[in-house]
Amino acid sequence: MFMTRFIGRTLLAAAKSETHATSAAAAAATSGHNPLEDFFEADRSQDEDKPIVYGRSWKASELRLKSWDDLQKLWYVLLKEKNMLMTQRQMLHAQNFRFPNPERLPKVRKSMCRIKHVLTERAIEEADSRRCAEMKRMINAL
């Protein structure tokens, strides 16, 4: 766990030094937020003794209670989490380190599949065929 944080910080430091090369990246650096930081997990705990417990995947019954907008927002949060996990896994694999908590990625993927399933159910139940086709196009674009 220490090595993953060290490597992540090293890559972030390298990414921060590269951001000053272009004007767009320099504008991002002046705002205090480097967009590359989204691809690395933030330090959540300094205690190495306590294992970090991550949540479960979303159930379809829970997702059915949410609105269309909430499901879209949740989709993009999960997409961001998936990208962060895959970046971290690839970075560690390239340096021959073990990916911590590999069970997180299937939970995220399962939740994303369930969101698509719930949205597809709603599209099928739609009485207006034009709106149904539009909803299906939006779902397939996810």
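Residues numbered from 1 in each chain as written. Predicted model: local features only at pLDDT ≥ 70, side-chain atom pairs only at ≥ 80, totals over all residues. Heavy atoms only, no water.

Going by the annotation in an unreviewed UniProt entry, the name recorded for the protein is Large ribosomal subunit protein uL29m, with Salix udensis given as the source organism. Of the comments in the UniProt record for the protein, the one headed Subcellular location (unreviewed entry) reads "Mitochondrion". Per UniProt, the protein carries the Sequence similarities (unreviewed entry) text "Belongs to the universal ribosomal protein uL29 family." (UniProt positions renumbered as here; feature names shortened; annotations may be inferred.)

*Asks:* What's the story with the overall build of the protein in this structure? I'm lost.
*Replies:* Scanning the protein from terminus to terminus reveals six helices and zero strands. From first element to last, N terminus to C terminus, the protein shows the α and β order α-α-α-α-α-α. Expressed as a percentage of its 142 residues, the buried residues of the protein come to 27%. Long-range contacts, defined as pairs at least 24 residues apart, comprise 66% of the intrachain contacts of the protein with a sequence gap of at least 6. Roughly 9600 Å² of accessible area belongs to the protein as shown, and the carbon and sulfur atoms make up 56% of that amount. (Helix = DSSP H or I, 4+ residues; strand = E, 2+ residues; numbered from the N terminus. Buried < 20%, exposed > 50% of the residue type's maximum accessible area, 1.4 Å probe, protein only. Contact = heavy atoms within 4.5 Å. Areas by Shrake-Rupley, 256 points an atom, 1.4 Å probe, with all protein chains shown as cover.)

*Asks:* Would you mind going over helix H6 (residues 129-141) with me for this structure?
*Replies:* Given 3.6 residues per turn, any residue in an α-helix points the same way as the ones three and four places further on. With 13 residues, H6 ought to run about 18 Å at 1.5 Å a step, and its terminal C-alpha atoms sit 18 Å apart, in line with that. Here H6 has its buried residues at Cys-132, Met-135 and Ile-139. Down the axis of H6, the buried set is contained in an arc of 65°. They therefore lie on one face. Along H6, the residues that are exposed and aim more than 90 degrees away from the buried face are Arg-130, Arg-137, Asn-140 and Ala-141. Contacts made by the buried residues of H6 are with helix H4 (68-94) and helix H5 (104-125). (Expected span 1.5 Å × (residues − 1). Arc of directions from axis to C-beta.)

*Asks:* Explanation requested: the environment of Ser-57 in the structure shown.
*Replies:* Tracing the backbone through its elements, the reader meets Ser-57 in the loop between helix H2 (23-30) and helix H3 (60-63). Classification of Ser-57 as buried rests on a relative accessible area of 13%. If we skip the residues at most four places from it in the chain, Ser-57 touches Lys-107, Lys-110, Ser-111 and Arg-114.

*Asks:* Looking at this structure, I do not really get the environment of Val-108. What am I missing?
*Replies:* Within the fold, Val-108 resides in helix H5. Here Val-108 falls in the buried class, since its relative accessible area comes to 8%. Along the primary structure Val-108 and Val-77 are separated by 31 residues, whereas in three dimensions their C-alpha atoms are 9.8 Å apart. When neighbours within four sequence positions are excluded, Val-108 is seen to be in contact with Leu-78, Glu-81, Lys-82 and Leu-85.

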